[in-house]
Amino acid sequence: MAINGRTLVEQLRPQVSEMSVHQLHEKIQQDPKLVLIDIREVSETSLGSINNATLIPRGILEMTIDNHPSIQQRFANIELLAEQPIYLLCRSGVRSVFFALSLQQMGFAKVYSIEGGFLAWQAAGYKVCEG
């Protein structure tokens, strides 16, 4: 039986940890240097981004997460990165579910998909940096 993408996301959602934008905002207040990865495509960031988010588009993230310059500056190797909480942000909170599963399969233990994504962040009125 074939299913659509929305159904697949709903089936996968229980397998990942999710966090609201309000919880993310609190985490950022506590630790502005937390690992926040924006997995939107470059063209999507014209709407803005969250300060200190690392942009690594979803299409290349698995292959580049450990050699992205902003990640390499902070973590000597992938094992140290995998020990950190990682927060994933996409446009609406769908692609981040898929990527959270990918990172979990790669051995990352503390991965959080942000519910509602960047759209929810904007709707909540939180600070957005120029795109």
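Residues numbered from 1 in each chain as written. Predicted model: local features only at pLDDT ≥ 70, side-chain atom pairs only at ≥ 80, totals over all residues. Heavy atoms only, no water.

(A) The pairing of strand 5 (residues 111–114), seen in detail. Bridge count for strand 1 (residues 17–19) against strand 5 is three bridges, and the pairing is parallel. Among the inter-strand pairings, Ser17 is bridged to a residue of strand 5, identified as Tyr112. As defined by bridge partners, strand 4 (residues 86–89) adjoins strand 5 across three bridges and the pair is classed as parallel. Residue pairing for strand 5: Ile86 is matched across the bridge by Val111. Each parallel crossover has a hand, and for strand 4 linked through helix 6 (residues 95–105) to strand 5 it is right-handed. (Pairing = 2+ DSSP bridges. Helix = DSSP H or I, 4+ residues; strand = E, 2+ residues; numbered from the N terminus. Right-handed = clockwise from strand over helix to strand, strands pointing away.)

(B) Representation of the environment of Ala2. Mapping Ala2 onto the fold places it in the segment before helix 1 (5–12). Using a relative accessible area of 76% as the deciding quantity, one classes Ala2 as exposed. Along the backbone, Ala2 and Pro14 are 12 residues apart, and their C-alpha atoms lie at a distance of 20 Å. (Buried < 20%, exposed > 50% of the residue type's maximum accessible area, 1.4 Å probe, protein only.)

(C) Quick peek at the sheet that holds strand 2 (residues 35–38). The strand order 1-5-4-2-3 describes an open sheet built from five strands, whose pairing is parallel. Where the open sheet ends on each side, the last strands, each with one partner, are strand 1 and strand 3 (54–55). Relative to strand 1, helix 2 (residues 21–30) is tilted by about 80°, and along the sheet it contacts strand 1, strand 2, strand 4 and strand 5. (Contact = heavy atoms within 4.5 Å. Axes fitted to C-alpha atoms, helices over the stretch in contact; angles between N-to-C directions.)

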